[in-house]
Amino acid sequence: MLYNIFIDPFVQMAQMPDLLVQTLWEGLVSGVLYALIALGFVLIFKASGVFNFAQGIMVVFSALTLVGFYAKFSSWGFSGHVAAFLALLLAAGVMLVLAMLVERVVLRPLVNQPDIILFMATFGITYVLIGFGEIVFGGDPKQMIANELFLPSGAVDIEMLGGLVSLQRIDIAAAVIASLMIVGLALFFQKTRIGRALRAVADSHKAALSVGISLNQIWVIVWFAAGLVALVTGIMWGARSDVSFALEIVALKALPVLVLGGFTSVPGAIVGGLIIGIGEKLGEFYWGPLLGGGIESWLAYVIALLFLLYRPQGLFGDKIIERI
Amino acid sequence: MFYRETGQFKQSYAADSAVFPILQDRYGLAVIMAIAFVAIPLFGSEFLLASVMIPFLILSLGAIGLNILVGYTGLLSLGTAGFMGVGAYAAYKLSTLFPQVNILVWILCSGFFAAGIGVVFGLPSLRIKGFYLAVATLAAQFFLQWCFVRVAWLYNYNPSGAIEVPGRTLFGIAITGPMATPVNRYYVVLGVVVVMTLIASNIVHGRIGRTWMAVRDMDIAAQLMGIRLLPAKLLAFAVSSFYCGVAGALMVFLWLGAAEPSAFDIKLSFLLLFMVIIGGLGSLVGSFMGAALIHILPIFIRALPESLGLPVAAATVEHLTYLIVGALIIFFLIVEPHGLARLWQITKQKLRVWPFPY
Amino acid sequence: MSGAGEAKGETLLAVDGVSLAFGGVKAITNVSFDIRKGEIRAIIGPNGAGKTSMLNVVNGFYHPQQGQITYKGQTRSRMRPYRAASQGIARTFQNVALFRGMTTLDNIMVGRTLRMRRGLFWQMLRYGPAMQEEIAHRRVVEDIIDFLQIEAIRKTAVGKLPYGLQKRVELGRALAMEPELLLLDEPMAGMNMEEKEDMCRYILDLNRHFGTTIALIEHDIGVVMDLSDRVVVLEYGHKIADGTPEEVKADPKVIDAYLGVGH
């Protein structure tokens, strides 16, 4: 028994290194996607202190909007690359409108309430988006317009370590695009005036107001940015598997990512995402069979739990020094 | 004017510490009891009993359990459904292993199993706080749900993976299984819920409740008063999970009659959390109000198109329900973040001074 | 006005060579002083001197890197909050750490928790032994409420009370623990003259009639001079003076640090 848990999996890893690399790659890819969802959380949390539970549904909703617009254009006889990018633009516009609505209807009235109230409000937003999305788009899975958006398909097969490692082109594209976006966002926060304002707002609403930062504008900007991140995530994820509301539950996996990476750290979201993604895949593949499989449903959370026991503030979070 | 409490003086500390010190409140409570125990079974339809009242009572019990954890002790938990499942499966195993023991005994015992699991998953709460604790409880939720699927022993190796409730009796009257009538089931559920609510009320109005609230409000100061945090938090997990476990067992045995593991998924955890937040954190009455709103509203929405004669597809009604519930959550949070219980208190305050404005 | 430095009794609390640092910030460096039973000891110093940190160390909330604490004859390198509370140390806080979700009465009743023994079983029943215990402790709490003259706000949620009353409720909560050593962190901050006089009266009553030893952080020099038996002066985490109020007032180091240079 002990052999099975502690020795055998590593033996398996060594015996078939190509399979190990494949699993690591799969883990990396899902890790990147988790990180993207977590990134949306981090953006909003950094700037408004709100834990946006609706980020997951925003991913689904934005993807559905994109596909929906394209379907509409197609039904008018207008399809192809131009139509796809136009649909992309419109979908981004919808996310802007959503950001403005959320700011106006939800955030402004609740501006000084404790965090848990705002957290619950994002639950409300989630349910509204689920209901609205289902009514407008219908619940059946849709196909992402990957080709039309110039996203590659097919696989790159690399012969290595005695076997074959197959990398999906779309996954490579996802990793590249995600990295670009993360770098862009990090620069945005550090270097630009608006980025600085966002950080100020994250620290203290009242102080930011008193130096003349318009909270409302900032919130719209940041929710729009999170919406764009959600849109890109939705495209990437939808290109790998179809777009459906089942994605919502997967989005919950971003929570362990945030726990590991800290709620306010962009690099933390990436590192956390990679740890969770890779850890999950390795765990499921090599240790999963011992427990009857399906441990992916909870492994990420248990990993996060164990990390939290060791470091209650997460890997990158600020150490909580309580002052009384 | 309707709610005047002038003239009601208390002459002993005991009287002053009563849970319902105001006479009008006591009358109100008596009326509610009368309606619950007499009027509803007598005049209510089977639909009312089976699909409205029984689920409402069971969900209220679960909401009370969650409220103890989140509202009174300030420990955010998203694993509620998992603990309810533990109670349900424990009751099922106990009842199928020892069918001669009365089912009510096993339902109440199942609470202890849930309490035990709750304590285990509550151990991290000493080191972990706030949202982080919520993520830790998610580990409990997903792990327990996985167990309900994978550990075939729990559902007696039934190939469908579901559990079906055997018929059981109380004093010779069938209360579970296909032979049990809604009225009988209703009385059993009502009895259990009333007794357990009473006990919960006693606990939260005494030393333990105060300790929990102290831990919630300022745990540092509580520690410096000599309150030990870990035992207090673990007790909260234990009692809360006990209530959730019993609610889960009642759910399977006296409401659904059967259960698949998906009955105890994360959606149920969220549902209970909404009930607690909208009803009012730290309020037992609020738990009932929240459960009533969240449970009855969708039924109402579903029934509305039919009664108005509008042809609306069932699926669309489902989606509309999500939409409306979501909007209502936001609405209530804006209007009264402290929940329906606070709204009720404000109403009582207005009734006190009516027809004057203040 | 106070006993001019005469020994009021044996040592109740002694801190010896205590040093406390947070990361790179040295809050307290090698501070030693004692508090004698039955006296009123003031701890004064400019902001950031480490006064509150010192109290936190005594309470066991912060653990010093060096040094020892001797309380009632037992020496330890670190105190634990539960032990401090159960051995009779109570305190109030600079920023009023009341339990905001509860009423005045409930807040003060929490101070009785250590002495309430009835377990979960009796609490579930409520009527019976648990109720008797509740009433007995309620009587004690009502005495405290009388003493502090806060009867009218018994059932008010403390979050709604004005600052001065909140401080009084916090004092009541500390008193509910029947402490032998009472640590008061700026009990008169933000109070007007009348409120300060009330608070001084309470403190003196506690010390004179109930024999409570009191350690007091305070900025109002007049209060310190009038109330305290002995004074400790801290500056940037170091002790710079220790003695009777008159001695400390005349000490040139204290004058430079605290009362202004160039006198």
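Reading guide: rules and limits
- Residues numbered from 1 in each chain as written.
- Chains lettered and ligands numbered in written order.
- Predicted model: local features only at pLDDT ≥ 70, side-chain atom pairs only at ≥ 80, totals over all residues.
- Heavy atoms only, no water.
- UniProt positions renumbered as here; feature names shortened; annotations may be inferred.
- Helix = DSSP H or I, 4+ residues; strand = E, 2+ residues; numbered from the N terminus.
- Rg over C-alpha atoms; globule rule 2.2 N^0.38 Å.
- Areas by Shrake-Rupley, 256 points an atom, 1.4 Å probe, with all protein chains shown as cover.
- Lys, Arg positive; Asp, Glu negative; His and termini not counted.
- Charge placed at Lys NZ, Arg CZ, Asp CG, Glu CD.
- Contact = heavy atoms within 4.5 Å.
- Buried area = accessible area lost by both parts, 1.4 Å probe.
- Salt bridge = Lys/Arg side-chain N within 4 Å of Asp/Glu carboxyl O.
- Polar contact = N/O pair within 3.5 Å; in protein donor to acceptor, adjacent residues only side chain to side chain.
- Nonpolar A, V, L, I, M, F, W, Y, C, P; charged D, E, K, R; others polar.
- Phe/Tyr/Trp six-rings, centres within 6.5 Å; stacked < 30°, edge-to-face > 60°.
- Buried < 20%, exposed > 50% of the residue type's maximum accessible area, 1.4 Å probe, protein only.
- Lys NZ or Arg CZ within 6 Å of the ring centre and 35° of its normal.
- Pairing = 2+ DSSP bridges.
- Right-handed = clockwise from strand over helix to strand, strands pointing away.
- Axes fitted to C-alpha atoms, helices over the stretch in contact; angles between N-to-C directions.
- Disulfide = S-S within 2.5 Å.
- Expected span 1.5 Å × (residues − 1).
- Core = buried A, V, L, I, M, F, W, Y, C linked by side-chain atoms within 4.5 Å.
- Patch = residues over 30% accessible without salt bridge, like charges linked within 9 Å, V, L, I, M, F, W, Y side chains within 5 Å.
- Parallel < 35°, antiparallel > 145°, perpendicular 65-115°, else oblique.
- Left-handed = near helix turned anticlockwise from the far one by under 90°.
- pLDDT = per-residue confidence, 0-100.

- An unreviewed UniProt entry lists chain B under the name Branched-chain amino acid transport system permease protein, with Aquamicrobium ahrensii given as the organism.
- Note on chain B: under the UniProt heading Subcellular location (unreviewed entry), the record states "Cell membrane".

- Per an unreviewed UniProt entry, the recorded name for chain A is Branched-chain amino acid transport system permease protein, and the organism is Aquamicrobium ahrensii.
- Recorded in UniProt under Sequence similarities (unreviewed entry), the annotation for chain A is "Belongs to the binding-protein-dependent transport system permease family. LivHM subfamily."
- Per UniProt, the comment on chain A under Subcellular location (unreviewed entry) is "Cell membrane".

**Let's talk about the overall build of chain B**
In step 1: When you go through chain B residue by residue, the secondary structure sums to 14 helices and 4 strands.
In step 2: In terms of C-alpha radius of gyration, chain B reaches 21 Å, essentially the compact-globule figure of 21 Å for 358 residues.
In step 3: With the C-alpha coordinates of chain B rotated into their principal frame, the extents come out at 65 × 60 × 45 Å.
In step 4: Within the structure as shown, chain B displays about 14,800 Å² of accessible surface, and the carbon and sulfur contribution to it stands at 71%.
In step 5: In chain B, the 20 positive side-chain charges and the 12 negative ones have mean positions that sit 10 Å from each other.

**Quick look at the interface of chain B and chain A**
In step 1: With 34 residues of chain B at the contact, the number on the chain A side is 47 residues.
In step 2: By the criterion of area lost to chain A, the three top residues of chain B are F131, Y132 and W146 of chain B, representing 18% of everything that side buries.
In step 3: Inspection of the chain B/chain A interface yields 0 salt bridges.
In step 4: If you look at where chain B meets chain A, you find 3 residue pairs in polar contact (both at pLDDT 80 or more).
In step 5: Taken together, the elements giving at least two residues each to the side of chain B that touches chain A come down to α6 (130-150), α9 (219-224), α11 (266-279) and α13 (314-335) of chain B.
In step 6: Per element, the largest residue contribution to the side of chain B that touches chain A is 11 residues, and it comes from α13 of chain B.
In step 7: Looking at the side of chain B that touches chain A residue by residue, the class counts come to 29 nonpolar, 2 polar and 3 charged.

**Quick word on the packing of aromatic side chains**
In step 1: Tallying each qualifying case throughout the model produces 33 aromatic pairs over all chains.
In step 2: An angle of 25° between the planes, with centres 5.1 Å apart, marks the rings of F41 of chain A and F51 of chain A as stacked. One end of the pair, F41 of chain A, is in helix α2 (residues 17-48); the other, F51 of chain A, is in the loop between α2 and α3 (55-75), and 10 residues separate them in sequence.
In step 3: For F41 of chain A, a relative accessible area of 4% translates into the label buried.
In step 4: A relative accessible area of 5% places F51 of chain A in the buried class.
In step 5: One aromatic cluster is present, formed by F41, F51, F53, F119, F123 and Y127 of chain A together with F270, F274 and Y322 of chain B through successive ring pairs.
In step 6: The ring of F99 of chain C is capped by R173 of chain C, whose NZ or CZ atom sits 4.6 Å from the centre of that ring.

**Regarding the pairing of strand β7 (residues 181-185) of chain C**
All names here are of chain C.
In step 1: Extensive coverage of β7 is indicated by the burial of 5 of its 5 residues.
In step 2: Because side chains alternate across β7, one face comprises the buried residues L181, L183 and D185, and the other comprises L182 and L184, equally buried.
In step 3: Pairing between strand β6 (residues 89-91) and β7: 3 bridges, direction parallel. Its bridge partner being in β7, I89 is matched across the sheet by L181.
In step 4: In terms of handedness, the path from β7 via helix α7 (residues 193-210) over to strand β8 (residues 213-217) forms a crossover that is right-handed.

**So, the sheet that holds β7 of chain C**
Either a parallel or an antiparallel arrangement is found when strands of a sheet pair, and the pairing is made through backbone hydrogen bonds.
All names here are of chain C.
In step 1: If you walk across this open sheet you meet the 6 strands as β6-β7-β8-β3-β9-β10, and the pairing is mixed. Strand pairing shows two members of the sheet lacking a second neighbour, β6 and β10 (238-243), which therefore form its edges. Each strand of the sheet is rotated relative to its neighbour by a mean of 15°, with strand direction disregarded.
In step 2: Strand direction decides the pairing type here: β7 and β8, joined by 5 bridges, are parallel. The partner of L184 across the bridge, within β8, is L216.
In step 3: The sheet contacts of α7 involve β3 (40-44), β7 and β8, and relative to β8 the element is tilted by about 150°.

**Topic: the state of the cysteines**
Residue and element names in this part refer to chain B.
In step 1: All chains considered together, the criterion is met by 0 disulfides over all chains.
In step 2: Of the cysteine sulfurs around C109, a residue in no disulfide, the closest is that of C244, at 17 Å.
In step 3: Judged by relative accessible area, which is 25%, C109 ranks as partly exposed.

**Remarks on the UniProt feature "transmembrane region" (unreviewed entry) in chain A**
In step 1: Taken from the UniProt record, the annotation "transmembrane region" (unreviewed entry) applies to residues 23-44, 50-70, 82-101, 116-137, 172-189, 218-237, 257-278 and 290-310 of chain A.
In step 2: Across residues 257-278 of chain A, helical content stands at 82% and strand content at 0%; the span's end C-alpha atoms are separated by 12 Å.

**As for helix α13 (residues 296-310) of chain A**
In step 1: Across its 15 residues, α13 of chain A extends 22 Å between first and last C-alpha, which sits within 8% of the 21 Å expected from 1.5 Å per residue.
In step 2: Among the residues of α13 of chain A, W298, L299, A300, Y301, I303, A304, L305 and L308 of chain A are the ones counted as buried.

**Description of the pattern of salt bridges**
In step 1: Tallied over the full model, the rule gives 22 salt bridges over all chains.
In step 2: The closest approach of N and O atoms between R210 of chain B and D106 of chain C, which form a salt bridge, is 4.0 Å. Within this pair, whereas R210 of chain B is found in helix α8 (residues 207-217), its partner D106 of chain C is found in helix α3 (residues 104-110), the two belonging to separate chains.
In step 3: Residue R201 of chain C is joined to D198 of chain C by a salt bridge in which the shortest nitrogen-to-oxygen separation is 2.3 Å.

**Regarding unusual backbone geometry**
In step 1: The backbone phi angle of N156 of chain B is positive, close to 55°, even though this residue is not glycine.
In step 2: Locating N156 of chain B in the fold gives a position in the loop between α6 and β1 (163-164).
In step 3: For N156 of chain B, a relative accessible area of 31% translates into the label partly exposed.
In step 4: For E186 of chain C, which is not glycine, the phi torsion reads 50° and is therefore positive.
In step 5: You can see E186 of chain C is positioned in the loop between β7 and α7.

**A closer look at the side chain of E170 of chain C**
In step 1: Here E170 of chain C shows up in helix α6 (residues 163-175).
In step 2: Contact partners of E170 of chain C, with chain neighbours within four places excluded, come to T92, F93, V96, A97 and L98 of chain C.

**What to know about helix α5 (residues 129-148) of chain C**
Along an α-helix, residues three or four positions apart point the same way, because every turn accommodates 3.6 residues.
In step 1: Taking 1.5 Å of rise per residue, 20 residues should cover 28 Å, and α5 of chain C covers 29 Å from first to last C-alpha, within 8% of that figure.
In step 2: For α5 of chain C, every residue scored as buried is listed here: A130, M131, E133, E134, I135, H137, R138, V141, E142, I144, I145 and L148 of chain C.
In step 3: Contact partners of the buried residues in α5 of chain C: α1 (13-16) and α8 of chain B together with α3, α4 (120-125), α6 and α7 of chain C.
In step 4: Of the residues trailing α5 of chain C, Q149 of chain C is marked for its positive phi of about 55°.

**Points about the nonpolar core**
In step 1: Counting 297 residues, the largest nonpolar core has W223 of chain A together with F264 of chain B as the members making the most contacts within it.
In step 2: In terms of residue count, helix α10 (residues 229-256) of chain B provides more of this core than any other element does, 17 residues in total.

**Side note on the UniProt feature "transmembrane region" (unreviewed entry) in chain B**
Residues and elements named next belong to chain B.
In step 1: Feature annotation in UniProt places "transmembrane region" (unreviewed entry) on residues 27-49, 56-83, 103-123, 130-153, 186-204, 234-258, 270-296 and 308-335, given in this structure's numbering.
In step 2: A distance of 26 Å separates the end C-alpha atoms of residues 186-204, which is 100% helix and 0% strand.
In step 3: Helix makes up 85% of residues 270-296 and strand 0%, whereas the separation of the span's terminal C-alpha atoms amounts to 16 Å.

**Examining a positive patch on the surface**
In step 1: A surface patch of positive charge is lined by R228 of chain B together with R78, R80 and R83 of chain C.
In step 2: Note on placement: R83 of chain C falls in helix α2 (residues 81-86).
In step 3: With relative accessibility at 38%, the residue R83 of chain C sits in the partly exposed group.

**Points about the packing of α8 of chain B against α10 of chain B**
Residues and elements named next belong to chain B.
In step 1: The contact between α8 and α10 brings their axes to 10 Å, and the two run at 110°. On the basis of their axis angle, the class for α8 and α10 is roughly perpendicular. Between α8 and α10 lies a crossing of left-handed hand. Only L229, A232, K233, L235, A236 and V239 of α10 make contact with α8, whose side of the interface consists of I208, T211, W212 and V215.
In step 2: A per-class count over the contact of α8 with α10 returns 8 nonpolar, 1 polar and 1 charged.

**Some remarks on the confidence of the model for chain A**
In step 1: Summary statistics for chain A give a mean pLDDT of 82 and a share of 95% for residues scoring 70 or more.
In step 2: Across chain A, the secondary-structure element scoring lowest on mean pLDDT is helix α10 (residues 247-251) of chain A, at 71, and the one scoring highest is helix α4 (residues 81-107) of chain A, at 89.

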